[in-house]
Amino acid sequence: MPAITADIATDTASFGQFWQRSADSIARLPPRAARTKPEADTAAALHRDARGARDRFLRQHVEKVYATLTGGFSRFVRVEDLVLQAADAFPGLVPDAAALAAEARLPLREKEGWEIDQAILIAQILAHPRCGTHLCHAMLLPRPETAAALTKLAADGCVDLGAARVERRGRAAHLLVSNPRYLNAEDQQTIAAFETGVDVATLDPATDIAVFRGEPVQNPKYAGRRIFGSGINLTHLYRGTIPFVWYLRRDLGFVHKLLRGVASPDVLPDDVNGAGSEKPWLAAVEGWAIGGHCQILLAVDYVLAAADAFMTLPARKEGIIPGAANLRLPRFAGDRLARQLIQAERRLECDSAEGRLICDEIVPAADMDAAVDSTVAMLTSAGAVGAIGNRRAFRVAVEPLDLFRRYFAVYAREQASCHFSEALIGNLERNWGAQSRTP
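Notes on the structure follow. (Residues numbered from 1 in each chain as written. Predicted model: local features only at pLDDT ≥ 70, side-chain atom pairs only at ≥ 80, totals over all residues. Heavy atoms only, no water.)

Of the positions making up helix α15 (residues 335-343), those classed as buried are L337, A338, L341 and I342. Taken end-on, α15 shows its buried residues confined to a sector of 125°, consistent with a single buried face. Across α15 from its buried face, at more than 90 degrees, point the exposed residues R336 and Q343. In this structure, the buried side of α15 is in contact with α13 (315-318), α14 (325-333) and β9 (348-349). Phi turns positive, to about 55°, at E345, one or two residues after α15. (Buried < 20%, exposed > 50% of the residue type's maximum accessible area, 1.4 Å probe, protein only. Helix = DSSP H or I, 4+ residues; strand = E, 2+ residues; numbered from the N terminus. Arc of directions from axis to C-beta. Contact = heavy atoms within 4.5 Å.)

Following this line, the structure appears as structure tokens:
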């Protein structure tokens, strides 16, 4: 184990050599799924020492590391790009592109778990006030595709983004999300479209409010029904096609933008010193809001639900942390009910006393189209300025940017441990039958 110094160049060299020796030792072992108990224990010890060294290195040098990756804080770099650039600038600190490509080909149970090293880096960055705030700012900026999508929306009144579509309907921008084969679940194929859709709906100058709604699905049991969403695609999670950084892209990206708006590069969106561009968001819940889609309800301004809809946060059955629900749900439902939902998988009918702690209005399923229109009219009747001002006033009291940053410093580290745990694999097989499902 190398000794830490005050010089980042010295430590980059010595720690890099140590991490390379650790990686070489792990590479000489059989693949994860084929290891004996002693071999698995050896791999665990090698990872433990290497990850302890990463923490020591970053506790000393995280600000210099982040400054190197962002040109002295002059450039905004998204989290998925940051971890790749870090691999080039600081060899061994995080997995490089070749290691990630090799891991990506494997099912979850066979992955070595190199992405945990990415989590250590991001957790240390988020825990550092200056670095973490800068990274949160980067993730609130519009995606590169947004400008062209806004031009298309202005010309045609709609824009198709693949897994999402934005349509103007009067003074409302409707974000219609669609992954019909998988009951509108989220996965690696939906995340960019969802975030670009949130950008476009938020920044569209011709509308005053945004609506988040699920499109009809294809599953024979529910064919033609609108479903708000089924959370993370557990089959894809089990098959290993959802990388760890997906969680951070999602919650630092489009879900955070629902809550805080879309930032500009020149103003910190912390509500005290500055703010982004934002609109009130209405969520229209039909069918169900499971997992990540239930989390979305905690980030919007008004929840309209069909009387036959329900909500769950099946974190216990999955074995992962449900995004920012641990941060946000207690202020809606109280600590005890929040723990029941997250840790004991309690189901909430939208049309129940507990469900109404999250849902603002319940209507018959057949009346949802008309109810969306009337709710949009109600929420915009007094103008957008007051609605946006009240959003910011609520937010600075209950979830200031610094609280968000600190929460996700913990989340990054803990979610990585969950994502690569044997318990998660066992949960997916036992509770989801993931091994027998078609990808």
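That was the structure; now back to the text.
Residue placement: E318 occurs in helix α13. It turns out E318 is buried and unbridged, and the closest side chain with the opposite charge, K317, is 9.7 Å from it. Ignoring anything within four residues of it in the chain, the contact list for E318 reads L234, L424 and N427. (Lys, Arg positive; Asp, Glu negative; His and termini not counted. Salt bridge = Lys/Arg side-chain N within 4 Å of Asp/Glu carboxyl O.)

Our focus in this paragraph is the packing of α14 against α15. Across the interface, α14 lies against α15 with an axial gap of 7 Å and an inter-helix angle of 130°. Considered as vectors, α14 and α15 are oriented oblique to each other. The handedness of the crossing between α14 and α15 is right-handed. Of the residues in α15, those touching α14 at A325, N326, L329, P330 and A333 are D335, L337, A338, L341 and I342. Here the residues of the contact of α14 with α15 are counted per class, giving 8 nonpolar, 1 polar and 1 charged. (Axes fitted to C-alpha atoms, helices over the stretch in contact; angles between N-to-C directions. Parallel < 35°, antiparallel > 145°, perpendicular 65-115°, else oblique. Left-handed = near helix turned anticlockwise from the far one by under 90°. Nonpolar A, V, L, I, M, F, W, Y, C, P; charged D, E, K, R; others polar.)

In this section: the pattern of salt bridges. Applying the stated criterion across every chain yields a total of 39 salt bridges. One salt bridge in this structure joins D271 and R260, with 3.2 Å as the shortest N-O distance. Of this pair, D271 sits in the loop between α11 (254-260) and β5 (281-285) while R260 sits in helix α11, placing them 11 residues apart in sequence. D271 gets classed as buried once you look at its relative accessible area, which sits at 18%. For R260, a relative accessible area of 0% corresponds to the buried category. Shared partners join several salt bridges into a network, and the residues in it are R260, D271, E278, D301, R391, R392 and R395.

Spatial relationships are all this shows, so hold off on functional conclusions.
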